[in-house]
Amino acid sequence: MVDKKFDTEVAQFCSITGASTRDARKFVEHYKRLDIAMDAYYNNPNQFRSKSSSTSNAPSTTKIEALFQNYKDPDGDEITIDGTIKLCSDLGVDPEDVVLLAIAYELKSPRVGEWTRKGWVDGWKAIGADSIPAMQEALQRLREKLASDSVYFKSVYAHTFDFARSEGQRSLGLETAQAFWDLLLTHGFSGRALTTSNAREGNDDVDMDGKVSGWKEEYTKWWFEFLTEKKLKGISKDTWLMFLDFVRSIDADFSNYDENAAWPSTIDDFVEYAREKLKSRA
């Protein structure tokens, strides 16, 4: 029975992380719990490899540089929109896939469709990928990490503001902000990355289906409607960053909102808007 459970967890580990069966067995055997084993793998996939093996499998700077040359703008020393589209095609990923926000964070991309040589080389070396197949495997790992790791999600989320912002602008255009919120929130709630504060603290705030009560998909739509009605032209960095904390801390009926805390006024106003929505349905 134990062996069957172990083999099942190894298979799940491989399916979710894209790891080899050999690596999966080592992580699951060492950490005993599947979720902890996967978190450890995302943080250091080479943990159980020998030094000689790690050295032989170390990503090649030459190969990473060659890939950069393949995608970079012929008239400059960076990858731009055309190169990004070609890269996405080779990786088999949609240019609007949320996982590219994780790649943008890892490679320190300054803005949408731009990749510097240093960020590209240092980023892929740190990730451990020097070929298209290896990069495709890395995308799968980062996609799962973005959905399951709350700390990592917050880092990618914070980087997205500067990444998505137009050059020279201090705020993020409203339509752009909504598009990236939609991508990130949907993905974050698909795993554990946006687990509510109540769930993290072990409280019993659950709905009829046994799920933790808190931010709902419907509230994201309300947020977008509110911002549109308010006719905001842009979202400040302060609002962008604190909105994530708000989403992760608020309860289902907005009753635990602290009006005296240092929330941006836009969020204060939204809470009133949302409470009125709830009242009208009561």
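Residues numbered from 1 in each chain as written. Predicted model: local features only at pLDDT ≥ 70, side-chain atom pairs only at ≥ 80, totals over all residues. Heavy atoms only, no water.

Novice: Tell me about the environment of E229, and please be specific about residues and values.
Specialist: As for its placement among the helices and strands, E229 is situated in helix α13 (residues 217-230). With relative accessibility at 55%, the residue E229 sits in the exposed group. (Helix = DSSP H or I, 4+ residues; strand = E, 2+ residues; numbered from the N terminus. Buried < 20%, exposed > 50% of the residue type's maximum accessible area, 1.4 Å probe, protein only.)

Novice: Describe the pattern of salt bridges, with residues and values.
Specialist: Per the counting criterion, the structure on display carries 16 salt bridges. Across the pair D35 and R33 runs a salt bridge whose closest N-O atoms are separated by 2.6 Å. Judged by its relative accessible area of 48%, R33 is partly exposed. D97 is the salt-bridge partner of R143, the closest N and O atoms lying 2.8 Å from each other. With R143 in helix α9 (residues 132-148) and D97 in the loop between α6 (81-91) and α7 (99-106), the pair connects residues that are 46 residues apart, well separated along the chain. Look at D97 and you get buried, because its relative accessible area is 18%. Counted as one network, the salt bridges with shared partners bring together E65, D77 and R117. (Salt bridge = Lys/Arg side-chain N within 4 Å of Asp/Glu carboxyl O.)

Novice: Explain the side chain of T84 residue by residue, including any values.
Specialist: With respect to the helices, strands and loops of the structure, T84 is situated in helix α6. A distance of 2.8 Å separates a polar atom in the side chain of T84 from a polar atom in the side chain of W115. Not counting residues up to four positions away in its chain, the partners in contact with T84 are I79, G113, E114 and W115. (Polar contact = N/O pair within 3.5 Å; in protein donor to acceptor, adjacent residues only side chain to side chain. Contact = heavy atoms within 4.5 Å.)

Novice: Could you give an account of unusual backbone geometry, naming the residues involved and the relevant values?
Specialist: Positioned with a positive phi, K231 is a non-glycine residue whose angle comes to about 60°. Following the sequence through the fold, K231 ends up in the loop between α13 and β4 (234-235). Given a relative accessible area of 71%, K231 falls into the exposed group. The backbone phi angle of F254 is positive, close to 65°, even though this residue is not glycine. With respect to the helices and strands, the residue F254 is situated in the loop between α14 (237-249) and α15 (265-281). The exposure class assigned to F254 is buried, which follows from its relative accessible area of 0%.

Novice: Pulling in residues and values, what's your account of a nonpolar patch on the surface?
Specialist: Residues I81, I85 and V112 make up a contiguous nonpolar surface patch of about 250 Å² in total accessible area. Residue position: I85 is located in helix α6. (Patch = residues over 30% accessible without salt bridge, like charges linked within 9 Å, V, L, I, M, F, W, Y side chains within 5 Å. Areas by Shrake-Rupley, 256 points an atom, 1.4 Å probe, with all protein chains shown as cover.)

Novice: Can you break down the environment of Q140 residue by residue, with the values?
Specialist: Secondary-structure assignment places Q140 in helix α9. We classify Q140 as partly exposed; its relative accessible area is 33%. Look past the residues within four positions of Q140 in its chain and what remains in contact with it is S15, I16, T17 and G18.

Novice: Break down the domain arrangement of the chain for me, with residues and values.
Specialist: One can read the domain layout of the chain as domain 1 (1-43), domain 2 (61-148) and domain 3 (171-196 + 214-281). One C-alpha centre belongs to domain 1, the other to domain 2, and the line joining them spans 27 Å. Opposite the eight residues of domain 1 that make contact, domain 2 presents five residues. Taken over both partners, the interface formed by domain 1 and domain 2 buries close to 560 Å², and the fraction arising from carbon and sulfur atoms is 49%. The tally of links between domain 1 and domain 2 comes to zero salt bridges. The interface formed by domain 1 and domain 2 contains zero residue pairs in polar contact (both at pLDDT 80 or more). Only α1 (2-17) and α3 (34-43) provide two or more residues apiece to the side of domain 1 that touches domain 2. (Domains from an automatic or database assignment. Buried area = accessible area lost by both parts, 1.4 Å probe.)

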